[in-house]
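# A look at the structure
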Amino acid sequence: MRTRISLLTGIFVFSATIQAVARPVQEGSDPPASPSEPSPGPAEAVGEEDDQAGLEEGDDVTGSSDPWEIAEEVEHVEPRDDVSAVDAIDDPPTEAAPDAKQVVGDAQADSDPDTAGYRGGLFFLRDREDRFRVYPQGWLAIDFGWSPGNPALPVPQGGAALYPRFFVRRARFGFSGEITGRFAFTMSLELGGRRVGASNGVGDGASRFAPTTAFDDTVRPAEITASYRFRRWLNFTAGQQNVPFSMANRTRDAQTSMIQRNVAIRGLAAAHSKDVGLTIWGDLLAHRMLRYEVGVFSGDGAERPVADERPMYVGRVTARPLASLGSSILFRQAHVGLSARYGERSQDAIHDQVPNIATAQGFVLWQPSYIDSLERLTHVIPSGVQKAVGGEMRVPIDLPHGSGLDVRGEAYYVHHRTRESVSGYEMTNTERFGQLKGVGWYAQLSWWALGDPFVSGEPGTYRPYQLTSSTKDDGARRGLEILLLAAGINASYDGASRSGSTPDDNTPSGDLTVYQLGGGVQYWYSTHFRAGLNFATYLVPGAGEPDKNLATVPVREFYDDQGRRGIGEAVHELSGRLAVSF
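Here's what I pulled together on the structure shown here. (Residues numbered from 1 in each chain as written. Predicted model: local features only at pLDDT ≥ 70, side-chain atom pairs only at ≥ 80, totals over all residues. Heavy atoms only, no water.)

## Overview of the overall build of the protein
Rule in force here: The way it works is that DSSP assigns letters per residue, a run of H or I at least four long becomes a helix, a run of E at least two long becomes a strand, and they are numbered from the N terminus. Accessibility here uses a 1.4 Å probe with only protein chains present; expressed as a share of the type maximum, an area under 20% marks a residue as buried, one over 50% as exposed, and anything in between as partly exposed. Between two residues, a contact is recorded if the distance between any of their heavy atoms is within 4.5 Å. Accessible surface is estimated by sampling points in the Shrake-Rupley manner with a 1.4 Å probe; for residues, cover comes only from the protein chains shown.
Across its full length, the protein carries 5 helices and 21 strands. Out of the 582 residues in the protein, the part that is buried amounts to 53%. Taking as baseline every contact in the protein between residues at least 6 positions apart, the subset at least 24 positions apart corresponds to 72%. Accessible surface, the protein as shown: approximately 25500 Å² in total, 61% of it carbon and sulfur.

Printed below as a string of structure tokens:
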């Protein structure tokens, strides 16, 4: 009898112990978070509604009662490569039941979580319930510029820009934040955000050099967006943002490999890098194997958000076909992608000329304006259909001894219809109709020779800033990047090729060819500090000869004191940058 009582007592104690241990998992309550880490808080509490929402493969499973299911999901979370723009890796939580919120609230009260700190590349401020987060942000870029080997030019023609000089290129300040886990916002302003090469001057008395600095007396909005996260496969971002076209254009300014984006992207494929509009985006399938971004924008750049009533439709899709095969960066981040855009510009409403093609320091290689046979300044203006389509590819590879190799490239076909109008009559008169069409392309090779590879983050990832409970903080990663670049624009412009137009004797018609060859070396201390030196040569075959090339090296159009014309079909640039960002 005593043996049976002892046996029953043991079984009862054992059962009670198992239930006590299992209860926190079944109820979904986690142990209190460490004060050194942002705890999930009520904004990340997950109730039973998520279990009933029909989660798809790869969706958030933190509401599951199976601890192995949770561990499997966390195991596949990618390391935080893009420390300045974390992907939205978790579905936004649904509102938890009152008892669940009370449990999480008690855990927070016990742990006394930090309300300020640094984690995963973000400095943060938050309330104790973690319903509201703010991320202070800033970016300061101090540049060095020099054009070695070019002849001396008079100051009115931009001669001072040829000499070695230091200047403050950009200064940006602002903040981002999150509200209740579903809403995100960014608000930042900057000095020196004008487009490089934005000059409308024509003729010997005007400079063809248009460098930009932080001291141009204008404060511009850099990024102003509001986002709503519904699920990982459906999110919305509205406001001024980088247009979802091209991997290079969807890489944030502070994380570009070269100090400036290459001439093919800046000059042709995505001349208006930022615009005002709405982007719908999301991640599909497990391991984010398929990602999409589609949007509608004003189409005329951030400086002219309501130039006409005709929108520009833009879309970008990327696929990671190897994502499920392994955990190396090759499997996780190698991708191919497709971008396209389509829109129309109104003949009656648009009066700003087509963007210039310029070097990284602002030397204008092709200016869409000219002096006609009647000595009138004539501008080339977008009019009619504007479309582009092309693809991208990136292959990052881990090498022995901790180094890495990054191979990437893009190519886009662009077809823009245009019109020509005499200066002062852009809104009322059109002289003729033409078109600009061609291909912009580039190939880039980066070797992470020393330190940690791929410190600058994953290119082409443009997401609202977010800090999640699974965000990893790998400490201060640092690395030395050595890169080579080849880019080109192989296009043509014919100013009187449409609608039975009659050309002027000086109307441009011919090829438009520019090549950029260069490289650089730069040291990254996380994404918060960067010291880099770039060298680039811009080749313009047949510069200044209309029957060979409409583009021209700026010095070819000027004369020295003895009336001698500048020679050569190339311009060289040495650029340096010290940048601090947070």
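## A word on the layout of surface pockets
Empty pockets left among the atoms are what a rolling probe the size of a water molecule brings to light. Applicable threshold: In this analysis a 1.4 Å probe is tested at points of a 1 Å grid over the protein atoms alone, and where it fits but cannot get out there is a cavity; an open set with protein on both sides within 12 Å along at least five of seven lines is a pocket; lining residues have an atom within 4 Å of a point. Grid points are joined across faces, edges and corners, and a volume is the space filled by probe spheres set on the points. Three residue categories are used. Nonpolar comprises Ala, Val, Leu, Ile, Met, Phe, Trp, Tyr, Cys and Pro, charged comprises Asp, Glu, Lys and Arg, and polar comprises the others, including Gly.
Quantified by volume, the second largest pocket comes out at close to 940 Å³. Taken together, 41 residues make up the lining of the second largest pocket; nearest its centre are Gly193, Arg194, Arg195, Val196 and Glu303. Those elements giving two or more residues to the lining of the second largest pocket turn out to be β4 (165–179), β6 (219–231) and α4 (263–269). Looking at the lining of the second largest pocket, the element that brings in the most residues is β6, giving 3 residues. Across the lining of the second largest pocket, the residue classes tally to 12 nonpolar, 14 polar and 15 charged.

## Overview of the packing of aromatic side chains
Just so we agree on the cut-off: For this analysis, a ring pair means two rings from Phe, Tyr or Trp (six-membered ring only for Trp) whose centres lie within 6.5 Å, classed as stacked if their planes differ by under 30 degrees, edge-to-face if by over 60, and tilted for the remaining angles. We call a charge positioned above a ring when the Lys NZ or Arg CZ atom is no farther than 6 Å from the ring centre and deviates by at most 35 degrees from the ring normal.
For the coordinates displayed, the defined rule picks out 10 aromatic pairs. Geometrically, the ring pair formed by Tyr118 and Phe123 is tilted, given 4.7 Å between the ring centres and 55° between the ring planes. Seen from the ring of Phe230, Arg231 lies directly overhead, with NZ or CZ sitting 5.5 Å from the centre. Seen from the ring of Phe245, Arg341 lies directly overhead, with NZ or CZ sitting 5.2 Å from the centre.

## Section: the pairing of strand β8 (residues 274–284)
Put simply, the rule reads: DSSP bridges decide pairing: two strands pair if at least two such bridges lie between them.
Note: strand β7 (residues 234–242) against β8, 8 bridges, orientation antiparallel. The partner of Asn235 across the bridge, within β8, is Trp281. Taken together, the 8 bridges between β8 and strand β9 (residues 290–297) define a ladder with antiparallel strand orientation. In the strand pairing of β9, Asp283 is matched with Arg291.

## Brief notes about the side chain of Ser383
Assignment of secondary structure puts Ser383 in strand β15 (residues 377–398). Overall, Ser383 belongs to the buried group, its relative accessible area being 5%. Not counting residues up to four positions away in its chain, the partners in contact with Ser383 are Arg345, Gln347, Arg417, Thr418, Arg419, Phe433 and Arg498.

## Things to note about a nonpolar patch on the surface
To keep it simple, the criterion reads: Within the patch definition used here, like charges are joined within 9 Å and nonpolar side chains (Val, Leu, Ile, Met, Phe, Trp, Tyr) within 5 Å, considering only residues with over 30% relative accessible area and no salt bridge. Here a salt bridge means any side-chain nitrogen of Lys or Arg lying within 4 Å of a carboxyl oxygen belonging to Asp or Glu.
There is a patch of nonpolar side chains on the surface, built from Leu140, Ile142, Tyr523, Tyr525, Phe529, Leu578 and Val580 and spanning about 560 Å² of accessible area. Elements represented by at least two residues in the nonpolar patch include exactly β3 (132–146), β19 (509–525) and β21 (570–581). Summarising the element assignment, Phe529 is placed in strand β20 (residues 529–539). Residue classification places Phe529 among the partly exposed residues on the basis of a relative accessible area of 30%.

## As for the pattern of salt bridges
Applying the stated rule across the entire model yields 24 salt bridges. With a closest N to O distance of 2.7 Å, Arg577 and Asp143 form a salt bridge. Of this pair, Arg577 sits in strand β21 while Asp143 is found in strand β3, placing the two residues 434 residues apart along the sequence. Several salt bridges converge on common partners, so that one network encompasses Arg250, Asp283, Arg288, Arg291, Glu293, Arg316, Glu392 and Arg463.

## Some details on the nonpolar core
Cut-off, in case you're wondering: What we call a nonpolar core is a set of buried Ala, Val, Leu, Ile, Met, Phe, Trp, Tyr and Cys residues that are connected through their side-chain atoms within 4.5 Å.
In terms of nonpolar packing, the biggest core is built from 44 residues, with Phe245, Trp366 and Leu512 touching the most fellow members. Element by element, the count of residues in this core is highest for strand β18 (residues 478–498), at 6 residues. Not counting the four nearest positions on each side in its chain, Trp366 is found in contact with Arg208, Val354, Asn356, Ile357, Leu436, Tyr493, Leu512, Leu550 and Ala551.

## Details of the pairing of strand β11 (residues 335–345)
Here β11 shows one buried face, formed by His335, Gly337, Ser339, Arg341, Gly343 and Arg345, and one open face, formed by Val336, Leu338, Ala340, Tyr342 and Glu344. Bridge analysis of strand β10 (residues 312–319) against β11 gives 8 bridges, and the strand direction is antiparallel. Paired with Ala319 across the strands is Val336, a residue of β11. Sheet topology places β11 next to β15; 11 bridges connect them, and they run antiparallel. Bridge pairing in β15 places Tyr342 opposite Lys387.

## Overview of empty space enclosed by the protein
On inspection of all chains with the given rule, the structure shows 13 cavities of 30 Å³ or more. In this structure, the largest cavity encloses a volume near 400 Å³. Along its surface, the largest cavity is lined by 28 residues, and Ala271, His272, Gly299, Arg341 and His416 are the ones closest to its centre. If you list the elements that add at least two residues to the lining of the largest cavity, you get α4, β10, β11 and β15. The residue inventory of the lining of the largest cavity, partitioned by class, reads 16 nonpolar, 6 polar and 6 charged.

## Considering the environment of Thr537
Put simply, the rule reads: For this analysis, a polar contact is any N or O atom pair within 3.5 Å, provided that within protein one partner can donate a hydrogen and the other can accept it, and provided that sequence-adjacent residues contribute only side-chain to side-chain pairs.
As for its placement among the helices and strands, Thr537 is situated in strand β20. Remark: the alpha-carbon pair of Thr537 and Val571, spanning 34 residues in sequence, is separated by 5.8 Å. Leaving out residues up to four positions away in the same chain, Thr537 has contacts with Tyr515, Gln516, Leu517, Ala570, Val571 and His572. Side chain to side chain, Thr537 and His572 meet in a polar contact 3.0 Å long.

## Notes on the side chain of Glu223
Mapping Glu223 onto the fold places it in strand β6. Note on Glu223: relative accessible area 7%, which makes it buried. Within the structure, Glu223 has its side chain in polar contact with the side chain of Arg252 (distance 2.8 Å). Discounting residues that sit within four places of it in the chain, Glu223 has contacts with Thr186, Met187, Ser188, Gln240, Arg252 and Tyr462.

## Comments concerning the environment of Val276
Along the chain, Val276 falls in strand β8. Between the C-alpha atom of Val276 and that of Gln241, which follows or precedes it by 35 residues, the distance is 6.5 Å. Those residues in contact with Val276, other than ones at most four positions away along the chain, are Gly239, Gln240, Phe297, Ser298 and Pro305.

## Some thoughts on unusual backbone geometry
Look at Thr180: it is not a glycine, yet its phi comes out positive at around 55°. As for its placement among the helices and strands, Thr180 is situated in the loop between β4 and β5 (183–191). Taking the relative accessible area as the measure of exposure, Thr180 reaches 30% and is therefore partly exposed.

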